[in-house]
Amino acid sequence: MKTKVTYLDPKHFQVDMPTGERFVLTFAHMIPMGDVEALCAELASIFDNRYEGSVQSMWRKLPQAERDQFGKVLCVLPDKLSERERIGRRIRELREERGLLGKELAEMVGIDPANLSRLEKGKYSVGLDILCRIAGALGKRVLIN
């Protein structure tokens, strides 16, 4: 699967990565409607070929000619739902790698097993304190990139 870019409005595009990450890009200038299909394809190609974990870092490294097609990126926001799903999947992967049942991890962390299950499915959002306790129980740390 390749990156898919969707036009949202003249300043916003949604980027769906093969990894499950989803971003909304906000540009400083409006992108003309007639150019949208070609620009979506060009953005998708840029992400497929150059993305290494940080949109801002990738954008700064682009040649000026490529950046000029779009102008300045003002903001990159992760989609809240896809981030919850991605984090939940990763928690489940780490728990299963360690051979723990959900009930066991929930007990170690001091939360209800049903809440852990919802968290792993991306249906529940927890605070930073609980997320740090889960990470610690799995031998990991919470990092903000």
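As the structure is a computational prediction, the values presented were derived from the model and not from experiment. (Residues numbered from 1 in each chain as written. Predicted model: local features only at pLDDT ≥ 70, side-chain atom pairs only at ≥ 80, totals over all residues. Heavy atoms only, no water.)

**Q** Help me out: how do you make sense of the nonpolar core in this one?
**A** One broad trend across soluble globular proteins is that nonpolar side chains are buried collectively. Residues Leu 43 and Phe 47 are the most contacted members of the largest nonpolar core, which totals 23 residues. Secondary structure elements with two or more residues in this core: strand E2 (12-16), strand E3 (22-27), helix H1 (36-50), helix H2 (55-61) and strand E4 (73-78). Among the elements that take part in this core, H1 stands out by supplying 7 residues, more than any other. Aside from chain neighbours lying at most four places away, what touches Leu 43 is Val 5, Phe 13, Leu 25, Phe 27, Trp 59 and Phe 70. Formed by 13 residues, the second largest nonpolar core is a distinct cluster that contains Leu 100, Ala 106, Leu 116 and Leu 131. (Core = buried A, V, L, I, M, F, W, Y, C linked by side-chain atoms within 4.5 Å. Buried < 20%, exposed > 50% of the residue type's maximum accessible area, 1.4 Å probe, protein only. Helix = DSSP H or I, 4+ residues; strand = E, 2+ residues; numbered from the N terminus. Contact = heavy atoms within 4.5 Å.)

**Q** Teacher, can you tell me more about the confidence of the model for the protein chain here?
**A** Predicted coordinates in areas of low pLDDT are best not read in detail. Mean pLDDT for the protein chain: 86, with 93% of residues reaching 70 or above. Considering each helix and strand of the protein chain separately, the mean pLDDT is smallest for E4, with a value of 69, and largest for helix H5 (residues 102-109), with 96. (pLDDT = per-residue confidence, 0-100.)

**Q** What is the right way to read the layout of surface pockets from this model?
**A** It is the rolling of a water-molecule-sized probe over the atoms that shows where space remains empty. The computed volume of the largest pocket comes to approximately 1400 Å³. Elements that contribute at least two residues to the lining of the largest pocket include exactly H2, E4, helix H4 (80-97) and helix H7 (128-137). Per-element accounting of the lining of the largest pocket gives the leading share, 10 residues, to H4. Grouping the amino acids of the lining of the largest pocket by side-chain chemistry returns 19 nonpolar, 7 polar and 10 charged. (1 Å grid on protein atoms, 1.4 Å probe; cavity = no way out; pocket = protein on both sides within 12 Å on 5 of 7 lines; lining within 4 Å. Points joined across faces, edges and corners; volume = space filled by probe spheres on them. Nonpolar A, V, L, I, M, F, W, Y, C, P; charged D, E, K, R; others polar.)

**Q** I'm lost on the pattern of salt bridges in this one. Help?
**A** Throughout the structure, instances matching the rule amount to 6 salt bridges. A salt bridge links Arg 50 to Glu 66; its shortest N-O distance comes to 3.2 Å. Of this pair, Arg 50 sits in helix H1 while Glu 66 is found in helix H3 (residues 64-70), placing the two residues 16 residues apart along the sequence. Arg 50 sits in the partly exposed class, given a relative accessible area of 36%. A salt bridge links Glu 120 to Arg 95; the shortest N-O distance between them is 2.7 Å. In this pair, Glu 120 is assigned in helix H6 (residues 113-120) and Arg 95 in helix H4, connecting sequence segments 25 residues apart. Comparing Glu 120 with Arg 95 shows no difference in burial state: the two are buried. (Salt bridge = Lys/Arg side-chain N within 4 Å of Asp/Glu carboxyl O.)

**Q** I keep staring at the side chain of Arg 95 and nothing clicks. Help me out?
**A** Using a relative accessible area of 9% as the deciding quantity, one classes Arg 95 as buried. Leave out the neighbours within four places in its chain, and Arg 95 touches Leu 100, Leu 101, Gly 102, Leu 105, Glu 120 and Leu 138.

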